[in-house]
Amino acid sequence: MKLLLYSWRWRKAAGPKAAHWEIFSSVNPGVALPAQGSFVSVLSVFISPTSRGSVQITTSDPFNAPTINPNFLSTTFDTFALREAVKAVKRFMPASAWANRVIAPWGALGTAATDAQVEAYARASAEAIFHPVGTPSMSPFGAACGVVDPDLKVKGVSNLRIVDASDLPFAPDAHTQGPVYLVAERAATLIVS
Ligand SMILES: Cc1cc2nc3c(=O)[nH]c(=O)nc-3n(C[C@H](O)[C@H](O)[C@H](O)COP(=O)(O)OP(=O)(O)OC[C@H]3O[C@@H](n4cnc5c(N)ncnc54)[C@H](O)[C@@H]3O)c2cc1C
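Not measured: the values here are computed from a predicted model. (Residues numbered from 1 in each chain as written. Predicted model: local features only at pLDDT ≥ 70, side-chain atom pairs only at ≥ 80, totals over all residues. Heavy atoms only, no water.)

Caption draft 1: Region of interest: the overall build of the protein chain. Counting its secondary structure elements, the protein chain contains four helices and four strands. With respect to the three principal axes, the spread of C-alpha positions in the protein chain is 65 × 40 × 30 Å. Per-residue burial for the protein chain yields a buried fraction of 28% across its 193 residues. Considering only intrachain contacts with a sequence separation of at least 6, the fraction spanning at least 24 residues in the protein chain is 57%. Positive and negative side-chain charges in the protein chain, numbering 16 and 13 respectively, have mean positions lying 7 Å apart. (Helix = DSSP H or I, 4+ residues; strand = E, 2+ residues; numbered from the N terminus. Buried < 20%, exposed > 50% of the residue type's maximum accessible area, 1.4 Å probe, protein only. Contact = heavy atoms within 4.5 Å. Lys, Arg positive; Asp, Glu negative; His and termini not counted. Charge placed at Lys NZ, Arg CZ, Asp CG, Glu CD.)

This is the structure:
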């Protein structure tokens, strides 16, 4: 459970042996396609973001929706990494293995040639794909930041634990279901011991 010992303040990009992004084939292209033609959709998924969003209450009524700001692509690294992930897809799809099947890129991605154009394309079309974490994120015992302690108890509140993906101090350079199982197993151990 090394992951649980890190504070989000120490977040660094994935190391040289960890993936920063992945190539993901999807039936959902995320953009409106022409009515005619056949298309294959390949997404660039950036899985090691360093940007920090925020969730803030807006009133004292717990039934009022909070203000959520994902703050995507707000660090230099994130912008660089997503841009390079998009460029990797642009190199991947014209490969000889796709010859006579993939004829040409379509839309704004196809015409984005320079780094600035690819970055603008990525920024304009980026969206989250179902793996948010860290809303009441974990931090060390005694830390002024964060919401839960490493024993998953809410700071300043008695007898209340949070056990789900929201504990993770940062996106774990992976899809989140496995890390959620780790949190759940850790919680079970803490509760029965
Ligand atoms: C479409 C989609 C595809 C995904 N694909 C993958 C994947 O391929 N691989 C991967 O690793 N991760 C994937 N994920 C992410 C993964 O599913 C989540 O990170 C993980 O399920 C989060 O676990 P959780 O316990 O935090 O929340 P959840 O799994 O959302 O569990 C929350 C539970 O709380 C319940 N609940 C909500 N409100 C209340 C209430 N008021 N009272 C009582 N119960 C309540 C809900 O019904 C739900 O059962 C995907 C997510 C989505 C949405």
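Right, picking up where we left off after that structure.
Caption draft 2: Spotlight on the UniProt feature "domain: Glucose-methanol-choline oxidoreductase C-terminal" (unreviewed entry) in the protein chain. Here, the residues flagged by UniProt with the feature "domain: Glucose-methanol-choline oxidoreductase C-terminal" (unreviewed entry) are residues 49–184. Within residues 49–184, the helical portion is 30% and the strand portion 4%, while the C-alpha atoms at the span's ends are 23 Å from each other. (UniProt positions renumbered as here; feature names shortened; annotations may be inferred.)

Caption draft 3: Here's a closer look at the confidence of the model for the protein chain. Of all residues in the protein chain, 92% have pLDDT values of 70 or greater, and the mean over the chain is 88. Predicted confidence in the protein chain is weakest over helix α2 (residues 107–111), with a mean pLDDT of 85, and strongest over helix α4 (residues 177–192), with 97. Here residues 1–9 is a poorly scored stretch, pLDDT under 50, and it has 24 contacts once near neighbours within four places are set aside; other chains count. (pLDDT = per-residue confidence, 0-100.)

Caption draft 4: Quick peek at the site of the ligand. Around the ligand lies a shell formed by Phe 130, His 131, Asp 164, Ala 165, His 175, Thr 176, Gln 177 and Val 180. One of the backbone N or O atoms of Ala 165 is found 2.8 Å from an oxygen atom in the ligand. Contacts to the ligand include Thr 176, whose side-chain N or O atom sits 2.6 Å from an oxygen atom. Taking 1,000 Å² as the accessible area of the ligand by itself, protein coverage stands at 31%. Split into classes, the residues belonging to the shell around the ligand amount to three nonpolar, four polar and one charged. (Near = heavy atom within 4 Å. Polar contact = N/O pair within 3.5 Å; in protein donor to acceptor, adjacent residues only side chain to side chain. Areas by Shrake-Rupley, 256 points an atom, 1.4 Å probe, with all protein chains shown as cover. Nonpolar A, V, L, I, M, F, W, Y, C, P; charged D, E, K, R; others polar.)

Caption draft 5: Representation of the environment of Ala 184 within the structure. With respect to the helices and strands, the residue Ala 184 is situated in helix α4. The spatial distance from the C-alpha of Ala 184 to the C-alpha of Val 163 is 6.2 Å, given a sequence separation of 21 residues.

Caption draft 6: Broad picture of a nonpolar patch on the surface. There is a patch of nonpolar side chains on the surface, built from Val 31, Leu 33, Phe 39 and Trp 106 and spanning about 340 Å² of accessible area. Assignment of secondary structure puts Phe 39 in the loop between β1 (21–26) and β2 (41–46). Assessed through its relative accessible area of 37%, Phe 39 is described here as partly exposed. (Patch = residues over 30% accessible without salt bridge, like charges linked within 9 Å, V, L, I, M, F, W, Y side chains within 5 Å. Salt bridge = Lys/Arg side-chain N within 4 Å of Asp/Glu carboxyl O.)

Caption draft 7: Spotlight on the packing of aromatic side chains. In the structure shown here, the tally under the stated rule is three aromatic pairs. Between Phe 46 and Phe 77, the aromatic rings sit 6.2 Å apart at their centres with planes inclined by 50°, giving tilted as the arrangement. One end of the pair, Phe 46, is in strand β2; the other, Phe 77, is in helix α1 (residues 76–92), and 31 residues separate them in sequence. For Phe 46, a relative accessible area of 17% puts it in the buried group. Here Phe 77 falls in the partly exposed class, since its relative accessible area comes to 25%. Considering the side-chain rings of Phe 92 and Trp 98, the 5.7 Å spacing of their centres and the 80° angle between planes classify their relative orientation as edge-to-face. Among the residues examined, Phe 92 registers a relative accessible area of 37% and is labelled partly exposed. (Phe/Tyr/Trp six-rings, centres within 6.5 Å; stacked < 30°, edge-to-face > 60°.)

Caption draft 8: Quick peek at the side chain of Asp 149. Checked against the element boundaries, Asp 149 lands in the loop between α3 (115–125) and α4. Looking at Asp 149, its side chain comes within polar contact range of the side chain of Lys 155, at 2.5 Å. Contacts of Asp 149, omitting those with residues within four sequence positions, involve Met 138, Ser 139, Pro 140, Phe 141, Gly 142 and Lys 155.

Caption draft 9: Geometry of α4. In a regular helix each residue adds 1.5 Å, so 16 residues correspond to 22 Å; α4 covers 23 Å between its end C-alpha atoms and thus fits that length. The set of residues buried in α4 consists of Pro 179, Val 183, Ala 187 and Leu 190. All buried residues of α4 lie within an arc of 85° about the axis, which places them on one face of the element. The outward face of α4, more than 90 degrees from its buried face, is lined by the exposed residues Tyr 181, Glu 185 and Val 192. (Expected span 1.5 Å × (residues − 1). Arc of directions from axis to C-beta.)

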